[in-house]
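Observations on the three-dimensional arrangement
Residue-level listing of the chains:
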Amino acid sequence: MSIRQISAEGLHDMFAQHTDAAVFALLTFTHPNIAEPIRLVNNTEAITYDGQTYEGFPFHFTPPAEEEDREAVATIEVSNVDRQLIEALRTIQSLAGVDIQVVRWKQGTVTREMHIPGMYLMGADINAETASLQISHAFDILNEPATQEILSPGTAPGLFQ
């Protein structure tokens, strides 16, 4: 079962041969070292959504896969032309929170189609031309033990009779 619920109108616009709608990813980076959250949209112009202005910043967003046996990792590919984001990322020494929203813009109306909360910036590969950001959960939930208790004849003798 998919955790992503996209509206019927959104699906219609995504699969239409011609449409006047556009789909954008909204990213909000938060961290104690950053005075104000960094809000970006993968567009050339700023977008206002839910009372917040997201600055236009071209990037390629790949949402996390919905596979049961793999950790959900989203990736962002950014051209390293604008050094402002890269400099902000370099000041962060611990995990930065990332809130991901995917919205549909149509005739001046912005509608949220997907929200992926509780993600963190786990890594960044930065070179002279591009920056690749990996966004995931703060810990690898797939490799966490199912229980913290160890059931043995010494700790749970009733199970071994």
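A short tour of the structure in this document, coming up.

What counts as what
Residues numbered from 1 in each chain as written. Predicted model: local features only at pLDDT ≥ 70, side-chain atom pairs only at ≥ 80, totals over all residues. Heavy atoms only, no water. Pairing = 2+ DSSP bridges. Helix = DSSP H or I, 4+ residues; strand = E, 2+ residues; numbered from the N terminus. Salt bridge = Lys/Arg side-chain N within 4 Å of Asp/Glu carboxyl O. Axes fitted to C-alpha atoms, helices over the stretch in contact; angles between N-to-C directions. Contact = heavy atoms within 4.5 Å. 1 Å grid on protein atoms, 1.4 Å probe; cavity = no way out; pocket = protein on both sides within 12 Å on 5 of 7 lines; lining within 4 Å. Points joined across faces, edges and corners; volume = space filled by probe spheres on them. Nonpolar A, V, L, I, M, F, W, Y, C, P; charged D, E, K, R; others polar.

Let's shift gears to the pairing of strand β4 (residues 52–56). Of the pairings in the sheet, the one linking strand β2 (residues 38–41) to β4 comprises two bridges and is parallel in character. In the sheet register, L40 faces β4, and the bridge partner there is E55. Counting the residues between successive antiparallel strands, the hairpin from strand β3 (residues 47–49) to β4 contains two residues, one of them, D50, with a positive phi of roughly 55°.

Below, the discussion takes up the pattern of salt bridges. Within this structure, the stated rule accounts for four salt bridges. When the shortest N-O distance is used, the salt bridge between R104 and E9 registers 3.4 Å. In this pair, R104 sits in strand β7 (residues 96–106) while E9 sits in helix α1 (residues 8–15), placing the two residues 95 residues apart along the sequence. Of the charged contacts in the structure, one is a salt bridge between R104 and E113, with a shortest N-O distance of 2.9 Å.

With that out of the way, let us pick up the sheet that holds β7. Overall, mixed pairing links the nine strands, which are arranged β3-β4-β2-β1-β7-β8-β9-β6-β5 in an open sheet. Two strands bound the open sheet, and with one partner strand each, they are β3 and β5 (59–62). Within this sheet the neighbouring strands show an average axis-to-axis angle of 30°, counted without direction. Note: strand β1 (residues 21–30) against β2, four bridges, orientation antiparallel. Looking at the pairing, L26 lines up with V41 of β2. Across the face of the sheet, α1 comes into contact with β1, β7 and β8 (109–126) while running at roughly 75° to β7.

By volume, the second largest pocket amounts to about 210 Å³. Around the second largest pocket, the lining comprises eleven residues; the ones closest to its centre are I38, L40, E55, Q84 and L85. Among the secondary structure elements, those contributing two or more residues to the lining of the second largest pocket are β2, β4 and α2 (83–90). Considered class by class, the residues forming the lining of the second largest pocket number six nonpolar, two polar and three charged.

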